[in-house]
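So you can see what is in the structure, the chains are spelled out below.
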Amino acid sequence: MRVLHTSDWQLGMTRHFLAGEAQARFSEARLEAVSRLGALAQEQDCVCVVVAGDVFETRHPDARTVARVLERLARFPVPVYLLPGNHDPIDPGAVWHIDPFTRACPPHVEVLDDRTPRSPVEGLEIVGAPWPNKHPVGDLTAEVCESAPADHRARVVVGHGGVAEVSGGFDAPGTIDLGRVRAAVAEGRVRYVALGDRHSATRVDPEGHVWFCGAPEPTDHDELDPGTALVVDLSQPQPQVTRHEVGSWTFHRLTRAVDTDADLDALAEQLDAIAEPSRAVLKLALTGTLDLQQVARLDTLLADRALRFAALEHPERNRDIAVRMSDDDLDALELSGYAATARDALRARARSAGDEEAQTATDALSLLLRLSGAGERP
Ligand SMILES: [Mn+2]
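Residues numbered from 1 in each chain as written. Predicted model: local features only at pLDDT ≥ 70, side-chain atom pairs only at ≥ 80, totals over all residues. Heavy atoms only, no water.

Draft legend 1. Geometry of the overall build of the protein chain. For the protein chain, the helix and strand inventory stands at 12 helices and 15 strands. By the compact-globule yardstick of 21 Å for 378 residues, the protein chain is too spread out, its C-alpha radius of gyration being 27 Å. The principal-axis extent of the C-alpha atoms belonging to the protein chain is close to 85 × 40 × 35 Å. Each of the 378 residues in the protein chain was classed as buried or not, and the buried ones make up 49%. In the protein chain, once contacts between residues fewer than 6 apart in sequence are set aside, the share between residues at least 24 apart is 72%. Surface accessibility of the protein chain: about 16,700 Å² in total, with carbon and sulfur atoms responsible for 50%. (Helix = DSSP H or I, 4+ residues; strand = E, 2+ residues; numbered from the N terminus. Rg over C-alpha atoms; globule rule 2.2 N^0.38 Å. Buried < 20%, exposed > 50% of the residue type's maximum accessible area, 1.4 Å probe, protein only. Contact = heavy atoms within 4.5 Å. Areas by Shrake-Rupley, 256 points an atom, 1.4 Å probe, with all protein chains shown as cover.)

Quick look at the structure:
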């Protein structure tokens, strides 16, 4: 008897670093991931799907987002249980209570809007710990675990929130007390606790009854190992949990020192080794010392990759790369008249005290070199 455990779809999410069409493709990919979950549920013979919170990014997602996910959920072969989380709590006026959700929600899709047990099939019980608002009092998940009878049934509690043992000690609303949850498991009140909120698939307790499934698509650089869903077999007292990859986007953080042409070659090689750049978000942190020719090469290299990747952020580039300026580089530019005067003025400014203006002058000289063709690969 298997259950598909997923969470944190956060549909309707926008990301500031995605420019132009990349945002539309990101949103579409997140909906497509939902359909892949339906296919996975079928392929793995799951009897139902539980979505452990944050189905939507906000309490008021765009009507199109709602209609489109419901259209995809309508094709799911098994019951689907949606838990309101901290992003989309079930307070009055939230998405769950209004059109188009209420009108278009298929009969086999159910919101876990209270703590009433649901039973998709004989012998399996699903109990939700929904977020009533953004600042709930108490530990919703532990309360639900403790209130279940100690009858050793195949019972799944679906909860949402941080666990101090996993994410570090904090006192955020909805924080889950692992000690209380483990005690309820030990007493036979709950067999599996399906958690959402953390975007990285994580076994929470040593016994393997409490898991974060991870987000189906990554959303940020600080997630470890996102793009997953869990298939949980509950036939035996000990749940058997299997991880499945469902994501299609990737996030990368690259830190490198660049001091030579060979370093620039290696950087280019590393960037080009990333599969599917149009679905990859990249954050670069570069350090080192380059001459002006190399800076121009680096700028060309990055400008070129920026066109291929979904996003390429390198905000610290100028501050962390020292520029070595040689008169040879600048004199090699065959400039005359106004352009030559500008070059000389910029050179003088770039060599003055290392203030912001000197930095701007260095950037301008690098741009001059790049536009003159000096930034092309030797
Ligand atoms: Mn959350």
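Draft legend 2. Expanded view of the packing of aromatic side chains. Scanning the model with the defined rule gives four aromatic pairs in all. Centroid distance Phe17 to Phe251: 5.9 Å. Interplanar angle 80°. Geometry classified as edge-to-face. In this pair, Phe17 sits in the loop between strand E1 (2-6) and helix H1 (21-43) while Phe251 sits in strand E12 (residues 250-257), placing the two residues 234 residues apart along the sequence. Taken together, the ring pairs in this structure connect Phe56, Trp96 and Phe101 into an aromatic cluster. (Phe/Tyr/Trp six-rings, centres within 6.5 Å; stacked < 30°, edge-to-face > 60°.)

Draft legend 3. Summary view of the coordination of the manganese ion. Protein-derived ligands of the manganese ion are Asp54 (OD), Asn86 (OD1), His160 (NE2) and Asp197 (OD), with the metal-ligand distances lying across 2.0 to 2.2 Å. By relative accessible area, which is 1% here, His160 ends up buried. (Donors = N, O, S within 2.8 Å, 3.2 Å for Na, K, Ca; no water.)

Draft legend 4. Molecular detail of helix H7 (residues 261-272). The terminal C-alpha atoms of H7 lie 16 Å apart, and with 12 residues this matches the ideal 16 Å at 1.5 Å per residue to within 8%. Those residues of H7 not exposed but buried are Leu264, Leu267, Ala268 and Leu271. Taken down its axis, H7 places every buried residue within 95° of arc, on the same side. Along its buried surface, H7 packs onto E12, strand E13 (280-291) and helix H8 (292-308). (Expected span 1.5 Å × (residues − 1). Arc of directions from axis to C-beta.)

Draft legend 5. Here's a closer look at the domain arrangement of the protein chain. When cut into domains, the protein chain gives domain 1 (2-245) and domain 2 (250-371). Between the C-alpha centres of domain 1 and domain 2 the distance comes to 44 Å. Counting from both sides, the interface comprises 11 residues of domain 1 and, opposite them, 12 residues of domain 2. Here domain 1 and domain 2 share an interface that buries about 830 Å² over both sides, 66% of which is from carbon and sulfur atoms. For domain 1, the biggest contributors to the area lost against domain 2 are Phe17, Arg25 and His221; these three give 64% of the whole. Remark: the boundary between domain 1 and domain 2 carries zero salt bridges. A breakdown of the residues in the side of domain 1 that touches domain 2 according to their chemical character gives five nonpolar, three polar and three charged. (Domains from an automatic or database assignment. Buried area = accessible area lost by both parts, 1.4 Å probe. Salt bridge = Lys/Arg side-chain N within 4 Å of Asp/Glu carboxyl O. Nonpolar A, V, L, I, M, F, W, Y, C, P; charged D, E, K, R; others polar.)

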